[in-house]
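Coordinate inspection notes
Here's the letter readout for the chains.
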Amino acid sequence: MAFPANRLRRLRINSLVRSRLAETEVSSRQLILPLFVRPGRGLRTPISSMPGQFQWSLDRLIPEIQALVRRGLRSVLLFGIPSRKDNRASEAYAAQGIIQQAVRAMKKKFPDLLVITDLCFCEYTPHGHCGIIRNGHLDNDATLGLIAKTAIAQARAGADIIAPSGMIDGMVKTIRQALDRQGFQNTLIMSYAAKYASSFYGPFREAADCAPRFGNRKSYQMNPANAEEALREAGMDIDEGADIIMIKPALAYLDIIRRVRETYHVPVAAYNVSGEYAMVKAAGQNGWMDDKTVAREILTSIRRAGADLIITYHAKELL
Ligand code: PBG
């Protein structure tokens, strides 16, 4: 039926109609706030390329989380910046490592907060690569041993979900086996299944002090040109035991989110990364765009593409 029997503008006529008929919603339930934690006291160090984001010491972070939980924060993703880096990334799996301390503190203080831990070694090694380097190359299978140890340390500290982000082949299988062997059958795995070698991670590398000192991450992270390969990555991770599949970055990869959503029947997460946040904030600070409404529009697009969960630095302002 055509005009004038049909007038699509009727569906947009006022905010009552518009809001009742919205197909997509972004709610606090779906948002995961990334946080950078470091050892020390009294620290709330601003990250210059990510306005509104900080590196926290635990004593300052806990009251901040308290306030955010009151405003509806439900989930956090923790990144650690250790005081000491070494070639075996020891601080990543030390019982007193910063992440383990942070998880214990948060699970104790905020029993209703879902605590997710990033599992990667670039912050913990002097060379800034995501595992063990041998002859200038990331040694995949040698890295798996460290991944197993770290997963157990994080689960033992009380993490609800372990999120391996190194794009190491076999990481999900290794983690699932290690967790199951230690009695952590109920700890979930959210795999960074399709993580692209992206320039959008620039600000994060300042935030987490994890830029590679030589070379780049292209031999483990994916080529932005590839989509079929992302489906293979996701399929393998699901077979290995991933509970949730993550796509990263989000905005330049909405097609990947959609295809993974349609191909597999698992929860899908998308990481709205540091560079995506920095662009919006920079334009906002210059008065070039309204960063608040742009952020909402971007998050809506990520939901519309098919993401169930969104990891985003905007979570704070949206709450
Ligand atoms: C580390 C890691 C990175 C991000 C999350 N985990 C950086 C990288 O792979 O270089 C990026 C997150 C962001 O940009 O917000 N493996």
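Residues numbered from 1 in each chain as written. Predicted model: local features only at pLDDT ≥ 70, side-chain atom pairs only at ≥ 80, totals over all residues. Heavy atoms only, no water.

A look at the site of the ligand
- Inspection of the region around the ligand gives 17 residues, with R205, Q221, K248, S274 and Y313 positioned closest.
- In the environment of the ligand, a nitrogen atom lies 3.3 Å from a nitrogen or oxygen atom belonging to the side chain of S165.
- Contact distances for the ligand include 2.6 Å between an oxygen atom and a side-chain N or O atom of Y313.
- Tallied by class, residues from the shell around the ligand come to nine nonpolar, three polar and five charged. (Near = heavy atom within 4 Å. Polar contact = N/O pair within 3.5 Å; in protein donor to acceptor, adjacent residues only side chain to side chain. Nonpolar A, V, L, I, M, F, W, Y, C, P; charged D, E, K, R; others polar.)

Some points on helix α6 (residues 171-181)
- Listed in full, the buried residues belonging to α6 are M171, V172, T174, I175, R176, A178 and L179.
- The inward-facing, buried residues of α6 contact β5 (114-119), α5 (140-157), β8 (161-164), β9 (188-195) and α8 (228-240). (Buried < 20%, exposed > 50% of the residue type's maximum accessible area, 1.4 Å probe, protein only. Helix = DSSP H or I, 4+ residues; strand = E, 2+ residues; numbered from the N terminus. Contact = heavy atoms within 4.5 Å.)

Side note on the state of the cysteines
- For the structure on display, the rule yields zero disulfides.
- We note that C122 lacks a disulfide partner, and the nearest cysteine sulfur, in C210, lies 3.7 Å from it.
- Using a relative accessible area of 1% as the deciding quantity, one classes C210 as buried. (Disulfide = S-S within 2.5 Å.)

Topic: the pattern of salt bridges
- Tallied over the entire structure, the rule returns 16 salt bridges.
- Here R176 ties to D180 by a salt bridge, and the two come within 3.0 Å at their closest N and O atoms. Of the two residues, R176 and D180 are both situated in helix α6; the distance of four residues between them amounts to about one turn of the helix.
- Overall, R176 belongs to the buried group, its relative accessible area being 13%.
- Taking relative accessible area as the criterion, D180 reaches 32% and is therefore assigned partly exposed. (Salt bridge = Lys/Arg side-chain N within 4 Å of Asp/Glu carboxyl O.)

Observations regarding empty space enclosed by the protein
- Counted by the stated rule, this structure contains four cavities of 30 Å³ or more.
- Of the voids in this model, the largest cavity is the one considered here, and its volume is about 110 Å³.
- For the largest cavity, the lining is made up of 15 residues, of which C122, K195, F204, C210 and K248 are closest to its centre.
- At the level of elements, β9 and α7 (202-207) are the ones that each hand at least two residues to the lining of the largest cavity.
- Classifying every residue of the lining of the largest cavity gives seven nonpolar, two polar and six charged.
- The space that makes up the second largest cavity amounts to roughly 80 Å³.
- Taken together, M167, I168, D169, G170, M171, E233, M236, D237 and E240 form the lining of the second largest cavity.
- The greatest single-element share of the lining of the second largest cavity, amounting to four residues, is contributed by α8. (1 Å grid on protein atoms, 1.4 Å probe; cavity = no way out; pocket = protein on both sides within 12 Å on 5 of 7 lines; lining within 4 Å. Points joined across faces, edges and corners; volume = space filled by probe spheres on them.)

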